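# Descriptive structure summary
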Amino acid sequence: MVRLIGYLFGIGAVMFFVVALGVAWYVGGVTRDLPDYEVLASYEPPVTTRIHAANGSLMAEHARERRLYLPIQAVPDRVKAAFLSAEDKNFYRHSGLDYKGLLRAVITNIENLSSGRRMVGASTITQQVAKNFLLSSEQTFDRKIREAVLAYRIEQAYSKDRIFELYLNEIFYGLNSYGIASAALTYFNKSVSELNLQEAAYLAALPKGPSNYHPYRRTDQAITRRNWVIDRMVENGYVTTADAGEAKKQPLGVNPRRYGSYLFASDYFAEEVRRQIIGRYGESALYEGGLSVRTTLDPQMQRMARSALQKGLIKYDIEQGYRGPVATVNIGEDWGLDVVETPPLHDVPEWRLAVVLEVDDNSATVGLRPNRSTSGKVDEERDTVTLAGGDMEWAYRMKRDGKRSKAKTVSDILSRGDVIYVQAVKDEDGKQKHILRQLPEVQGALAAMDPHTGRVLAMVGGFSYAQSQFNRATQAMRQPGSSFKPFVYAAALDNGYSPASVVLDAPIQLVSGGELWQPKNYGGGSAGPSTLRLGIERSRNLMTVRLAKDMGMNLVAEYAERFGIYDDMPPLLAMSLGSGETTVLRMISGYAVLANGGKQIKPSLIDRIQDRYGKTIFKHEERRCDACSVAEWQNQEEPVVADNREQVLDPMTAYQITSMLEGVVARGTAAGKVKLDHPTAGKTGTTNDEKDAWFVGYTPDLVAGVFFGFDTPTPMGRGSTGGNLAAPIFNDFMSAALEGRQPADFRVPPGLQLIAINRKTGMEAQPGEPDVIYESFKPGTGPADFFSVIGMEEYATGEEILNVSPQANRAVVSGAGGLY
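What you see is a predicted model; the values in this text were computed from it and never measured. (Residues numbered from 1 in each chain as written. Predicted model: local features only at pLDDT ≥ 70, side-chain atom pairs only at ≥ 80, totals over all residues. Heavy atoms only, no water.)

## A closer look at the overall build of the protein chain
- The helix and strand inventory of the protein chain stands at 24 helices and 29 strands.
- Out of the 820 residues belonging to the protein chain, those deemed buried represent 52%.
- Summarising the internal contacts of the protein chain: among those between residues at least 6 apart in sequence, 70% fall at separations of at least 24.
- If you sum the accessible surface of the protein chain, you get close to 38300 Å²; carbon and sulfur atoms cover 50% of it. (Helix = DSSP H or I, 4+ residues; strand = E, 2+ residues; numbered from the N terminus. Buried < 20%, exposed > 50% of the residue type's maximum accessible area, 1.4 Å probe, protein only. Contact = heavy atoms within 4.5 Å. Areas by Shrake-Rupley, 256 points an atom, 1.4 Å probe, with all protein chains shown as cover.)

As structure tokens, this is what we get:
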């Protein structure tokens, strides 16, 4: 008997050894090429890049996996408790594998197998970290073995808090949200520290399967799962029964956050910043790098720019007449469901879509488009308003399919089923009424800059970003027309000419190969000999061409490139009239040099960029101040900021051209259009056939530029000049932006002398002369001793028909702009 027992024991021992050897061989084979778990030490998950305005307001977020990394120390205990209760209550007690939990899962799965219910898992948080970071999600026994071995090794290498931190920041919560911080913002628009009990429990319920507990599509299942987590928290002693009961009574309370652009009216600016970051660092840095970008945007000024541009575009558009509805729908039993399918402009909240329900000769009844929630549910409330015929007089001028007509009644304008825009406004008695609106066909752009730093403070690239994402401030290449002339005159003043130099304003011809170009002044006519000041104030094309010819277009091209208007400007005479194409941002950058005394600036939409660790990797401000960071004041001298910017224009020249551009505003082509309480300089610009209208101007500390025109260059009509269209927009913006600021004079460089001259002749004025102006002259210069006119000799001898190359002539004939 003893021998039999020994025999059986021996067989059992051999079998155990063989099985153990087989298991060891199997496990060794499965785990032979395990991933290196040490990579967790240098874990850098894809993190959301956040873009902020200058005041810190959040403008936009960009991510492939929407994640904000949160250290475990910043996670509240209540949130930790919710996840531990839902996923791994013994996490802080086991060594990577929860053997009791595994045994429970086996027993439960045997019961579920017989009843046909879903199998349950027993993975610990550590095992989930191993799977999510190092393994695939395949449902195989081999993967579970590898997961268990890795979990054990991870536990030996890292602290529990570090493992928990990795888990909370890596897992997917649904709605394109990764990590607990992003989930809190996505679902509840809160920081993690602000989550209450029921919110924390719901987020803890999501890792099992976000789509299974979707807040809208599977609300009941989501609440059931959330309440289960709350019960587990009670069971584990984290919350009281009373608090749990109160929390379980609450709805989910999901309040999704709107992603994309957050700061009102900042869409164009934010998109341009996005493009610049991709150009500088690549897409991966933007969508995964977790950059913190502080932009130069002034939110208040941005809203002012938007308002001024929209006002100007609407004014021009309604003068052209009514073009018809946005869409037409068949009105069924519920008109709200009919009109809700037409998407509104999210960035023009002042306007509401509406559908025409009834119309007669004098008025129309319209139904306002009901709101639709993020879950797709349409509000049940239906609101109707009346549009009075007297409030849509502009719409009686109709323009449909390019044909103009005159309506006699409201029913000629609107029809039942028309989808239109309306806006609520106040009448003279302060009562609310609604008026008809339409999206402008014409477009424009406005950008504003600090001329001393190059910081772009505001930028609007069109009427509505929702209507068109094309940014006309940075992407539209348009002819600046006469708004380019200040750079021609600045080149002249910097090279021996003075504001009192006299140039002939008379017809001129350019001939090449039988082709003839005869530039003309806007409105025709000529004024004869005139000073440079008069030439720019009245935007005389003939004078500008003669001046450019006299000093040479190579010099003009050099200065245009210095100012950043063009990168490689061809030295063609037509370019002196603004026939080359450039952008609004380049134009205000050039004018900023005039405003700041001739210092080169680098336009920037970004102040600073920091990486995910807070290290500054880009800073726009390049000036240095070594003494600015001292620890305390010890009666030392005031620190000096070293200005290392290149001087690209003589400060005296900058003041001279500024003084001349003040004359444009006071007496010239912008007179009566720009009416500010601050000293203002600027220049209008209009191209051939009024296809482009410009105004670029500045005060001592703010420069702004406005472009106005159709996206496909199209004549806007006689009189559609920079003075009539763009200058009023500039005036509206600057009036709002400068409100409350103390007016300051333009800075006069030392050494300039003011001498009274005759406005027409440029000669020194004699006592008692009627038409006198004080002009600024550089040291060693002054009014001419005798009357001399640039271009007079060639004109008098008939030698002014110039021969130019065929290439230059083609450029001249096809692209000459700068009429006004």
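## Things to note about the nonpolar core
- With 138 residues, the main nonpolar core has Leu594 and Phe733 as its most contacted residues.
- When residues of this core are assigned to their parent elements, the largest contribution, 9 residues, is made by helix H20 (residues 584-595).
- Ignoring any residue separated from it by four or fewer positions in sequence, one finds Phe733 in contact with Met301, Met304, Ala305, Ala308, Leu446, Ala448, Leu702 and Ala704.
- Among the nonpolar cores identified, the runner-up in size contains 50 residues, and Ile154, Leu168, Ala181 and Leu197 belong to it. (Core = buried A, V, L, I, M, F, W, Y, C linked by side-chain atoms within 4.5 Å.)

## Quick word on the packing of aromatic side chains
- Going through the model one piece at a time under the given rule, you end up with 22 aromatic pairs.
- Ring centres 5.4 Å apart and planes at 45° place the aromatic pair Trp351 and Phe463 in the tilted group. Highlighted residues: Trp351 in strand E8 (residues 351-359) and Phe463 in the loop between strand E16 (456-460) and helix H16 (485-493), separated in sequence by 112 residues.
- Classification of Trp351 by relative accessible area gives buried; the value is 8%.
- In textbook terms, an aromatic cluster arises when at least three aromatic residues are bridged by ring pairs, as seen for Phe484, Phe487, Phe563, Tyr566, Tyr591, Tyr698 and Phe746.
- The ring of Tyr559 carries the charged tip of Arg562 above its face, separated from the ring centre by 4.2 Å. (Phe/Tyr/Trp six-rings, centres within 6.5 Å; stacked < 30°, edge-to-face > 60°. Lys NZ or Arg CZ within 6 Å of the ring centre and 35° of its normal.)

## Some remarks on the sheet that holds strand E5 (residues 177-178)
- Pairing in this open sheet of 3 strands is mixed, and the strands run E3-E5-E4 from one edge to the other. Edge strands, defined here as strands with exactly one partner in the open sheet, are strand E3 (66-67) and strand E4 (172-174).
- The pairing of E4 with E5 spans 2 bridges and is antiparallel. Following the sheet pairing, Phe172 is matched in E5 by Tyr178. (Pairing = 2+ DSSP bridges.)

## Considering a negative patch on the surface
- A contiguous patch of negative charge on the surface is contributed by Glu358, Asp360, Asp361 and Asp412.
- The residue Glu358 is located in strand E8 in this model.
- The exposed category is assigned to Glu358, whose relative accessible area is 56%. (Patch = residues over 30% accessible without salt bridge, like charges linked within 9 Å, V, L, I, M, F, W, Y side chains within 5 Å. Salt bridge = Lys/Arg side-chain N within 4 Å of Asp/Glu carboxyl O. Lys, Arg positive; Asp, Glu negative; His and termini not counted. Charge placed at Lys NZ, Arg CZ, Asp CG, Glu CD.)

## Some points on the pattern of salt bridges
- Throughout the structure, instances matching the rule amount to 34 salt bridges.
- Residue Glu558 pairs with Arg562 through a salt bridge whose shortest N-O separation is 2.8 Å. Taken together, the positions of Glu558 and Arg562, both in helix H19 (residues 553-562) and 4 residues apart, correspond to about one turn of that helix.
- Judged by relative accessible area, which is 36%, Glu558 ranks as partly exposed.
- Given a relative accessible area of 29%, Arg562 falls into the partly exposed group.
- Residue Asp701 pairs with Arg747 through a salt bridge whose shortest N-O separation is 3.0 Å. Pair noted here: Asp701 is in the loop between strand E24 (693-699) and strand E25 (702-709) and Arg747 is in the loop between helix H22 (722-737) and strand E26 (753-758), with a separation of 46 residues, a long-range link.
- One salt-bridge network, held together by shared partners, links Glu271, Glu272, Arg274 and Arg275.

## As for the pairing of strand E13 (residues 418-426)
- Sheet topology places strand E7 (residues 327-328) next to E13; 2 bridges connect them, and they run antiparallel. Bridging from a neighbouring strand, Ala327 pairs with Val419 of E13.
- Pairing geometry for E8 and E13, over 5 bridges, is antiparallel. Paired with Trp351 across the two strands is Gln423, which belongs to E13.
- Taken together, the 6 bridges between E13 and strand E14 (residues 432-437) define a ladder with antiparallel strand orientation. When the sheet's bridge partners are listed, Lys426 is paired in E14 with Gln432.

## Focus: the side chain of Ser482
- Tracing the backbone shows Ser482 in the loop between E16 and H16.
- A polar side-chain atom of Ser482 sits 3.1 Å from a polar atom in the side chain of Ser539. (Polar contact = N/O pair within 3.5 Å; in protein donor to acceptor, adjacent residues only side chain to side chain.)

## Some points on the packing of H20 against helix H21 (residues 651-666)
- As a packed pair, H20 and H21 sit with axes 8 Å apart at the nearest point and diverge in direction by 110°. Put simply, H20 runs roughly perpendicular to H21. Judged by residue contacts, Tyr591, Val593 and Leu594 of H20 engage Ala654, Ile657, Thr658 and Leu661 from H21.
- In the contact of H20 with H21, the residues fall into 6 nonpolar, 1 polar and no charged. (Axes fitted to C-alpha atoms, helices over the stretch in contact; angles between N-to-C directions. Parallel < 35°, antiparallel > 145°, perpendicular 65-115°, else oblique. Nonpolar A, V, L, I, M, F, W, Y, C, P; charged D, E, K, R; others polar.)

## Observations concerning the sheet that holds strand E22 (residues 616-619)
- Overall, mixed pairing links the 5 strands, which are arranged E2-E1-E6-E21-E22 in an open sheet. Where the open sheet ends on each side, the last strands, each with one partner, are strand E2 (58-62) and E22. The mean inter-strand angle of the sheet, taken between neighbouring strand axes irrespective of direction, is 15°.
- The sheet contact formed by strand E1 (residues 49-52) and E2 spans 4 bridges and is antiparallel. Looking at the pairing, Arg50 lines up with Glu61 of E2.
- On top of the sheet, helix H11 (residues 267-281) reaches E1, E2, strand E6 (292-295), strand E21 (606-610) and E22; it is set at about 55° to E21, its chief contact.

## Digging into H20
- Across its 12 residues, H20 extends 16 Å between first and last C-alpha, which sits within 8% of the 16 Å expected from 1.5 Å per residue.
- By the criterion of burial, H20 is predominantly enclosed, with 11 of the 12 residues buried.
- Turning to H20, its buried residues number three or more, namely Val584, Leu585, Met587, Ile588, Ser589, Gly590, Tyr591, Ala592, Val593, Leu594 and Ala595. (Expected span 1.5 Å × (residues − 1).)

## With respect to the environment of Ala490
- Inspection of the secondary structure puts Ala490 in helix H16.
- For Ala490, a relative accessible area of 0% corresponds to the buried category.
- Sequence separation of Ala490 and Thr653 is 163 residues, and the distance between their C-alpha atoms is 6.6 Å.
- Non-local contacts of Ala490, meaning those with residues more than four positions away in its chain, are made with Leu594, Leu649, Thr653 and Ile657.

Function cannot be read off these values alone, since they describe shape.
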